[in-house]
Each structure stands twice: as C-alpha cells, then as structure tokens.
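Remarks on the overall topology
Here is what each chain is made of, one letter per residue.
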Amino acid sequence: MGVNTRILVINPGSTSTKIAIFQQEKVIFLKTIKHSQEVLGKFKRITDQFEHRKEVIYEELKNADIPLETIDAVIGRGGLVKPIGSGVYRVNDVMKKDLLECKRGEHASNLGGLIAADIAKLLPSAEAFIADPVVVDELDPLARYSGHPDFERNSIFHALNQKAIARSHANSIMKKYEDMNLIVAHLGGGITVGAHRKGRVVDVNQGLDGDGPFSPERSGSLPVGTLLKAAFSGQYSYEEMYSMIVGKGGMMAYLGTNDAYLAEREAKDGDEKCKEVLEAMAYQVAKEIGAMSTVLKGEVDAILITGGIANSKWFCNLVIERVYRIAPVHVYPGQDEMGALAENALLALNGDIEIKEYQ
Ligand SMILES: Nc1ncnc2c1ncn2[C@@H]1O[C@H](COP(=O)(O)OP(=O)(O)O)[C@@H](O)[C@H]1O
Ligand SMILES: CCCC(=O)OP(=O)(O)O
C-alpha cells in the first residue's frame, strides 16, 4: 500500500453513528451523527436501520467533499457474529449472512460490517473489514458459569474500545498490555466492565441482554424471579419484554431518556429523580468494578474509565469515590474505537497482521 492510504471507518453505536476518514494514521475527517430515539424508534429491527444509517453516512461524506473513489478500504465496528478471537476479519458472505439474520442477537454494530461491505462494493479495489467485534470471547472457564447449565454466561462487550484504551494506557507508562492487570469500565449506551488479565478479558458483564450495571438504555441484571413472573403474566409479549431489557431499559425506563448528558443537566437544575437515577447507575458501575477486582485476586494495576459518559467529571467522581482504594483510576473520556479500527485496517492492508477469514 502507498503512503496515502485512505480508510473509511464506520462505527454504529446504539445512540450514534461515528464515521471517519483516516489518511494513514492521521484522521482527516471525523463526525458523530446522533440518532434521536424518535427516528430510531420507528425501525422494528436493527437491520431495518441499514438504509437510513447508510444514507446519512453518504450525505455527510458528500457535505464534506470526500469522493468515495479515493477510499482504499472500509472498516466497520463488528457486531454479533459467532464468538471469535481478537483480530481483523474480512467481511465475507458467511459473516454478512450471520449479521443480516441477527442469529446471535441485535445490536447497532451488526450494521458496521454490513454498511462497510455495501460501500466497498461500489469501489474498484476497496475491501471491507471488521476488527475486535463485540463478541470477542476470552472468558475463563469459571466466568462462564451462571448458576444453571442451560444458561451459560457469554462475552458481549465493548471489546474494541476496552482493548484500545488498555493498550494505549499501557503504552503511556511504557508497559506492555500483556504484562498488566486492568479493569476497564466502558460507559456508553451500553455499559461493560472487563477484567483484563495480562492482555485477555477473562471476565466481563454481558452488556447487551445479560448482566451487570444498568446503562442509558439497558436494564443490566434484573431480579430473576420477578422477571419470570412478569414474563408469564400474559401482560407482555416477548418483544415488549425484550425491549424492557434492551433499548427501553435502564435510564430510558426510569427517566424516559438515554441521554446521560441531558439527565445530568436536569439533575444539576434540581431534578431529584435524575440525580438519584444517575447516582444509582454510578453505584452499580462501582459495584461491578469491585466484583472484577476479585476476579483479578486484588492484583489490579489500574482502573480505566472510558466511553461517552466518562466526559462527565461529576459522574466519574461518583464511581471513583467508591473504587479508588482498589487501584489508581484513570479517565479516558469518549473512545478510541475509530483510531483502533483505522490502525487495524492499515496493519491488515500492509500485511503486518493476518486478515482472518470468518467461518
Ligand atoms: N459530556 C457528557 N456528560 C455526560 N454524558 C455524556 C457526555 N457526552 C456524552 N455523554 C453520554 O454518553 C452516552 C453515549 O456514549 P457513547 O460512548 O457515545 O455511546 P454509543 O457509542 O453507545 O452510542 C449518552 O448517554 C450521552 O448522553
Ligand atoms: C453490546 C456491547 C457493546 C455496546 O453496548 O455498545 P453500545 O454502547 O455502542 O451500544
């Protein structure tokens, strides 16, 4: 590849789609497209959002005067494919089928690979990839136990950003990620807290429809007996109950918004309900960090807090006051998913890492 390789990066999240153009390692265009609940709420399934999100991306690239023909590769944040190892994968037909059928579940990142492939198809020589999708699975055998053999715990989390932030933290103190024990809390539309032991995420809450803290739009762990009673009450359909867990759970259920920034402003303007719900979310994040410290047997080099909500000093302090005795805490607001995806694409195009084939 030449010295002016251009990568288009596409990162669909639950509340936004982030797009970027990288020329080599340098970002020359970056845009976060926010999607309102009113607009996304109209689509029944995540894959139904495909055309809408793709059109918005085309529009943004057109407005920014970026001709598609100048792009050498497209990389998307990967979604709910089969559990796979960390790395770069070509978006092939088997993957597209799994993403389209949402066999492993629905999440906005399913659209990352699909949109990347659709755009790459229009270009003469560009390929489409995904890297470190949300299903990266490095769980220890003990972490897979739930409490019943029919319900194995699995790994669905912000793998890309958690690993990128952990590596960049390790680099910043001249250490290797593979030599450190870290707890990484990603606070976005979903919230995941991972125990990184020497470069492997050996335990993490399943942040889609599994367990852990509630988040702006997910319920996290719920009292199972009560949940079961509600499921069999005849009052709700499966779809209604699922949306109480994913999409309309957490802050959405308590406050009617998934915007933590807005809720914090309301809290600061005196809204006691907003204040208490955000405090409860921070309390649950801290509790999960405490749990992950036991996974690492108390040998924790650092706790890293990242994701959109990490932009809020107030919220981070609510977490930090409960966990600072465990290990030093570092806050990395936002996420480095775009940089990590671009870097992975460049390494793959240059032949510096293997491009894996999804099967
Ligand atoms: N400065 C801020 N203060 C508080 N919350 C913020 C701030 N900036 C973003 N957020 C919140 O972060 C959440 C989105 O995080 P993000 O990591 O972008 O999510 P996703 O990628 O899942 O869409 C939203 O609830 C948003 O309101
Ligand atoms: C499903 C785990 C990843 C996740 O929750 O991502 P978002 O916060 O972007 O929804």
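Residues numbered from 1 in each chain as written. Chains lettered and ligands numbered in written order. Predicted model: local features only at pLDDT ≥ 70, side-chain atom pairs only at ≥ 80, totals over all residues.

To continue, consider the overall build of the chain. From N to C terminus, the chain includes 12 helices and 12 strands. The C-alpha radius of gyration of the chain comes to 20 Å, within 12% of the 21 Å expected for a compact globule of 359 residues. When the backbone C-alpha atoms are referred to their principal axes, the chain occupies close to 55 × 50 × 45 Å. Burial status across the chain gives 46% buried among its 359 residues. For the chain, the proportion of contacts with a sequence separation of at least 24, taken over those separated by at least 6, is 69%. (Helix = DSSP H or I, 4+ residues; strand = E, 2+ residues; numbered from the N terminus. Rg over C-alpha atoms; globule rule 2.2 N^0.38 Å. Buried ≥ 20, exposed ≤ 12 C-beta atoms within 10 Å, placed from the backbone. Contact = placed C-beta atoms within 7 Å.)

The next subject is the site of ligand 1. Taken together, 19 residues are adjacent to ligand 1, and Gly13, Gly188, Gly189, Gly308 and Asn311 come closest. Among the elements that line the shell around ligand 1, the one with the most residues is helix α9 (residues 260-268), at 3 residues. Taken together, the residues of the shell around ligand 1 sort by class into 4 nonpolar, 13 polar and 2 charged. Formed jointly, the shell around ligand 1 draws a minimum of three residues from each of two domains, domain 1 (6-137 + 337-357) and domain 2 (160-333). (Near = placed C-beta within 6 Å. Nonpolar A, V, L, I, M, F, W, Y, C, P; charged D, E, K, R; others polar. Domains from an automatic or database assignment.)

So, about the domain arrangement of the chain. Taken domain by domain, the chain holds domain 1 (6-137 + 337-357) and domain 2 (160-333). Between domain 1 and domain 2, the C-alpha centre-to-centre distance is 24 Å. Each partner contributes to the interface: domain 1 provides 14 residues, whereas domain 2 provides 11 residues. No other element matches helix α12 (residues 337-349), which puts 4 residues into the side of domain 1 that touches domain 2.

This brings us to the sheet that holds strand β3 (residues 26-34). One open sheet holds the 7 strands; their spatial order is β3-β2-β1-β4-β6-β5-β12, and the pairing between them is mixed. At either margin of the open sheet sits one strand with a lone partner, and together these are β3 and β12 (355-357). Direction aside, the axes of adjacent strands within the sheet are offset by 25° on average. Here helix α2 (residues 50-63) sits on the sheet and contacts β1 (6-12), β2 (16-23) and β3; the angle it forms with β2, its principal contact strand, is near 40°. Each of β1, β2, β3, β4 (73-77), β5 (88-90), β6 (127-131) and β12 touches α12; the most contacted strand, β1, lies at about 135° to it. (Pairing = 2+ DSSP bridges. Axes fitted to C-alpha atoms, helices over the stretch in contact; angles between N-to-C directions.)

Structurally, Lys176 can be placed in the loop between α5 (159-172) and β7 (181-187). The exposure class assigned to Lys176 is exposed, which follows from the 11 C-beta atoms found within 10 Å. For Lys176 and Lys198, which are 22 residues apart along the polypeptide, the C-alpha to C-alpha distance reads 8.7 Å.

Time to look at the sheet that holds β7. Pairing in this open sheet of 5 strands is mixed, and the strands run β9-β8-β7-β10-β11 from one edge to the other. In this open sheet, the two strands that pair with only one neighbour each are β9 (200-204) and β11 (329-333). For this sheet the average axis-to-axis angle between neighbouring strands, irrespective of direction, equals 25°.

Right, let's get into the site of ligand 2. The environment of ligand 2 is formed by 14 residues, the closest being Gly13, Ser14, Gly188, Gly189 and Gly190. In terms of domain composition, the shell around ligand 2 takes at least three residues from each of domain 1 (6-137 + 337-357) and domain 2 (160-333).

A word on the environment of Leu142. Along the chain, the position of Leu142 falls in the loop between β6 and α5. Counting along the chain gives 153 residues from Leu142 to Val295, while the straight-line C-alpha distance between them is 9.9 Å.

Once that is clear, we can look at the nonpolar core. Counting residues in each nonpolar core, the largest one holds 98 residues, and the members touching the most others are Val9, Val74, Ile75, Ala116 and Phe129. Ranked by residues supplied to this core, first place goes to helix α10 (residues 272-295) with 9 residues. Inspection of this core shows a minimum of three residues originating in each of domain 1 (6-137 + 337-357) and domain 2 (160-333). Those residues in contact with Val74 that sit more than four places away from it in its chain are Leu8, Ile10, Ala116, Ile119, Ala120, Ala126 and Ala128. (Core = buried A, V, L, I, M, F, W, Y, C linked by C-beta atoms within 7 Å.)

Now for the packing of α10 against helix α11 (residues 313-323). Their axes nearest at 9 Å, the elements α10 and α11 cross at an angle of 40°. Regarding the angle of α10 to α11, the classification is oblique. In this structure, α10 meets α11 at a crossing whose hand is right-handed. Between α10, through Leu278, Glu279, Ala282, Val285, Ala286, Ile289 and Gly290, and α11, the contact on the second element is made entirely by Phe315, Leu318, Val319, Arg322 and Val323. Taken together, the residues that form the contact of α10 with α11 break down as 9 nonpolar, 1 polar and 2 charged. (Parallel < 35°, antiparallel > 145°, perpendicular 65-115°, else oblique. Left-handed = near helix turned anticlockwise from the far one by under 90°.)

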